[in-house]
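So you can see what is in the structure, the chains are spelled out below.
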Amino acid sequence: VVTAYGSMGSAGSAAQMVTQDELQEMGRAHGKTAGQVLLRWAVQRNVSVIPGTSNPKHMAENLRIFDFSLNAQDMEMLDSIPSDQRFLHFDHWPDKAA
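Counting restarts for each chain, with residues numbered from 1 along the sequence as it is written. Reporting of local features is limited, given that this is a predicted model, to residues whose pLDDT is at least 70; pairs of side-chain atoms are given and counted only at 80 or more, and all residues count toward the totals for whole chains, interfaces and linings. For the side-chain quantities, the full set of heavy atoms in the structure was used; hydrogens and water were omitted.

Numbered from the N terminus, helices here are DSSP runs of H or I no shorter than four residues, and strands are runs of E no shorter than two. By the secondary structure assignment, Glu61 is in helix 4 (residues 56-63). Any residue under 20% of the maximum accessible area for its type is buried, any over 50% is exposed, and the rest in between are partly exposed; the area is computed with a 1.4 Å probe on protein chains only. Residues scored as charged are limited to Lys and Arg (positive) and Asp and Glu (negative), so that His and the chain ends carry no count. For this analysis, a salt bridge means a side-chain nitrogen from Lys or Arg found within 4 Å of a carboxyl oxygen belonging to Asp or Glu. The side chain of Glu61 is buried and forms no salt bridge, while Arg64, the nearest opposite charge, is found at 4.9 Å.

Shown next, in the form of structure tokens:
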């Protein structure tokens, strides 16, 4: 089982991710936030997600990802982000041998 803990990193990096125009457009199309879109993408990829937040509003928002699905076009767009443009924290590459 692959688990994403604190999947959006720190508050600063999360803010940078969720302000991406494409993610905001996708969120608006589903009546969701960009953060919810990212969490839903991970869940649809069979990743167990443990978003880190102490904000009760964000906790409730994070739970509201099970009442919609991303379509094939949305998933393909998110899957197609080049690996050198993805966010990587702590220089951790789980598939790379140490």
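Back to the write-up after that little detour.
A few words on the packing of helix 2 (residues 21-30) against helix 3 (residues 34-44). Every axis in this analysis is a line fitted to C-alpha atoms, fitted for helices over the stretch in contact. Angles between the N-to-C directions lie between 0 and 180 degrees. In contact at an axis separation of 8 Å, helix 2 and helix 3 are set at 85 degrees when each is read in the N-to-C sense. With respect to their mutual orientation, helix 2 and helix 3 come out roughly perpendicular. Contact with helix 2, carried on its side by Leu23, Gln24, Met26 and Gly27, involves Ala34, Val37 and Leu38 of helix 3 and no other residues of that element. Just so you know how the angles are binned, under 35 degrees is roughly parallel, over 145 roughly antiparallel, 65 to 115 roughly perpendicular, and the rest oblique. Contact criterion: two residues are considered in contact whenever any of their non-hydrogen atoms come within 4.5 Å of each other.

For the pair helix 2 and helix 5 (residues 72-79), the least separation of the axes is 12 Å and the interaxial angle reads 160 degrees. One element, helix 2, and the other, helix 5, form an angle in the roughly antiparallel class. By crossing handedness, the relation of helix 2 to helix 5 is classed as left-handed. Contacts between helix 2 and helix 5 involve Glu22, Leu23, Met26 and His30 from the first element and Asp74, Met77 and Leu78 from the second. Helix crossings fall into two classes, left-handed where the near helix is turned counterclockwise from the far one by less than a right angle and right-handed where it is turned clockwise.

Right, let's get into unusual backbone geometry. Located in the positive-phi region is Asn46, a residue other than glycine, with phi close to 65 degrees. Mapped onto the elements, Asn46 comes out in the loop between helix 3 and strand 2 (48-50). Taking relative accessible area as the criterion, Asn46 reaches 68% and is therefore assigned exposed.

We define a nonpolar core as any set of buried Ala, Val, Leu, Ile, Met, Phe, Trp, Tyr and Cys residues linked to one another through side-chain atoms lying within 4.5 Å. Within the largest apolar cluster, 11 residues are counted, these being Leu23, Met26, Ala34, Val37, Leu38, Leu39, Ile65, Phe68, Leu70, Met75 and Leu78. Elements with a contribution of two residues or more to this core: helix 2, helix 3 and helix 5. A total of 4 residues in this core trace back to one element, the largest contributor, which is helix 3.

One can find Val43 in helix 3. Since its relative accessible area comes to 23%, Val43 is described here as partly exposed. Sequence spacing of Val43 and Ser69 is 26 residues, and the spatial spacing of their C-alpha atoms is 9.7 Å. Among residues more than four places away in sequence, those in contact with Val43 are Val49, Ile65 and Phe66.

Considered for burial, the residues of helix 5 that qualify are Asp74, Met75 and Leu78. An end-on view of helix 5 places all buried positions within 95 degrees of arc, on one side of the element. Among the exposed residues of helix 5, those pointing more than 90 degrees away from its buried face are Ala72, Gln73 and Glu76. Packing partners of the buried residues in helix 5 comprise helix 2 and helix 3. The opening residue of helix 5, the one whose side-chain oxygen lies 3.1 Å from the backbone nitrogen of Gln73, is Asn71. Regarding the arc, it is the one traced by the directions from the helix axis to the C-beta atoms. Pairs of N or O atoms are called polar contacts if they sit within 3.5 Å, as long as, within protein, a hydrogen donor faces a hydrogen acceptor (for residues adjacent in sequence, only side-chain-to-side-chain pairs).

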